[in-house]
Amino acid sequence: MKPVATFLALSAAAMLTQPASAALSVGAKAPVITTKAALGGKPFDFVMAKALKKGPVVIYFFPAAFTQGCTIETHEFAEAAAEFEQNGATLIGLSADPIDKLAKFSVEACRNKFPVGVATPATITGYDVPLKAGATMTNRTSYVIAPNGTVLYTLSQMNPAGHVQGTLDAVKAWKAAKKR
């Protein structure tokens with residue numbers, strides 16, 4: 001099978017396994033963001049456009065740092081961080097928490113392996129991930145964004161199970177299609 005056809009088939013299969021509540025659909029153009037983030041407790045400016053030049057970007061939105069589900073999900077992403085990197089992806093978690101809280105979370109939950117950043121109101125709106133109408137917190141949604149800015153994968157569910165594996169599988173499928 002040709003690389004593009006293989007990739008489209010994998011993308012179609014991923015779409016069929018996603019819940020109907022996904023915020024941005026596969027194939028949609030993702031908003032390119034710049035935000036305050038922290039890695040290893042140190043704040044910096046995360047520029048998505050720069051990260052996309054290296055490969056896909058995995059963005060996972062989570063409601064609040066230091067809550068049980070968010071900490072579990074973040075630990076799982078930390079355990080898989082090297083594998084995302086080996087497959088050419090940049091990983092970042094986003095929450096509406098303030099940067100000082102996220103800086104602590106980047107050490108304790110992310111284990112200094114990847115950054116977490118501030119989901120601004122514009123980002124929450126652009127990615128359509130408010131926890132509920134008018135909320136300043138995000139729901140739990142994971143995306144894989146291709147280097148061209150299109151959404152390759154979306155999973156939107158409050159249960160943290162499946163977010164790491166789903167995004168990692170999508171990154172691996174992107175990489176495999178690129179090699180062909």
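Residues numbered from 1 in each chain as written. Predicted model: local features only at pLDDT ≥ 70, side-chain atom pairs only at ≥ 80, totals over all residues. Heavy atoms only, no water.

**Remarks on the overall build of the chain**
For step 1, the next point in the chain: Assigned secondary structure in the chain consists of six helices and seven strands.
For step 2, the next point in the chain: Each helix (α) and strand (β) of the chain, taken in turn from the N terminus, gives the series α-β-β-α-β-α-β-α-β-α-β-β-α.
For step 3, the next point in the chain: Counted over contacts in the chain with a minimum sequence separation of 6, partners at least 24 positions apart contribute 67%.
For step 4, the next point in the chain: Counting every atom, the chain has about 8,400 Å² of accessible surface; 59% of that belongs to carbon and sulfur. (Helix = DSSP H or I, 4+ residues; strand = E, 2+ residues; numbered from the N terminus. Contact = heavy atoms within 4.5 Å. Areas by Shrake-Rupley, 256 points an atom, 1.4 Å probe, with all protein chains shown as cover.)

**Some remarks on the nonpolar core**
For step 1, the next point in the chain: Val 58, Phe 62, Phe 77, Phe 84, Leu 91, Phe 114 and Val 116 are the most contacted members of the largest nonpolar core, which has 29 residues in total.
For step 2, the next point in the chain: Among the secondary structure elements, those contributing two or more residues to this core are β3 (57-61), α3 (68-86), α4 (99-108), β5 (116-118), β7 (151-156) and α6 (163-179).
For step 3, the next point in the chain: The greatest single-element share of this core, amounting to six residues, is contributed by α3.
For step 4, the next point in the chain: Apart from the residues lying within four places of it in its own chain, the contact partners of Leu 91 are Val 58, Tyr 60, Phe 77, Ala 81, Phe 84, Phe 114 and Pro 115.
For step 5, the next point in the chain: Formed by 21 residues, the second largest nonpolar core is a distinct cluster that contains Ala 23, Leu 94, Ile 124 and Tyr 127. (Core = buried A, V, L, I, M, F, W, Y, C linked by side-chain atoms within 4.5 Å. Buried < 20%, exposed > 50% of the residue type's maximum accessible area, 1.4 Å probe, protein only.)

**Quick word on the pairing of strand β2 (residues 42-47)**
For step 1, the next point in the chain: As judged from the six bridges shared by strand β1 (residues 34-39) and β2, these two strands associate in the antiparallel manner. Among the inter-strand pairings, Thr 34 is bridged to a residue of β2, identified as Val 47. (Pairing = 2+ DSSP bridges.)

**Considering the environment of Ala 64**
For step 1, the next point in the chain: In this fold, Ala 64 is placed in the loop between β3 and α3.
For step 2, the next point in the chain: Linking Ala 64 and Arg 140, residues 76 residues apart in sequence, is a C-alpha distance of 9.7 Å.
For step 3, the next point in the chain: Setting aside chain neighbours within four positions, we find Ala 64 in contact with Cys 70, Ser 95, Asp 97 and Met 137.

**Here's the deal with the packing of aromatic side chains**
For step 1, the next point in the chain: Considering all chains together, one arrives at 10 aromatic pairs under this definition.
For step 2, the next point in the chain: Three or more aromatic residues joined by ring pairs form one cluster here, namely Tyr 60, Phe 62, Phe 66, Phe 77, Phe 84, Phe 105 and Phe 114. (Phe/Tyr/Trp six-rings, centres within 6.5 Å; stacked < 30°, edge-to-face > 60°.)

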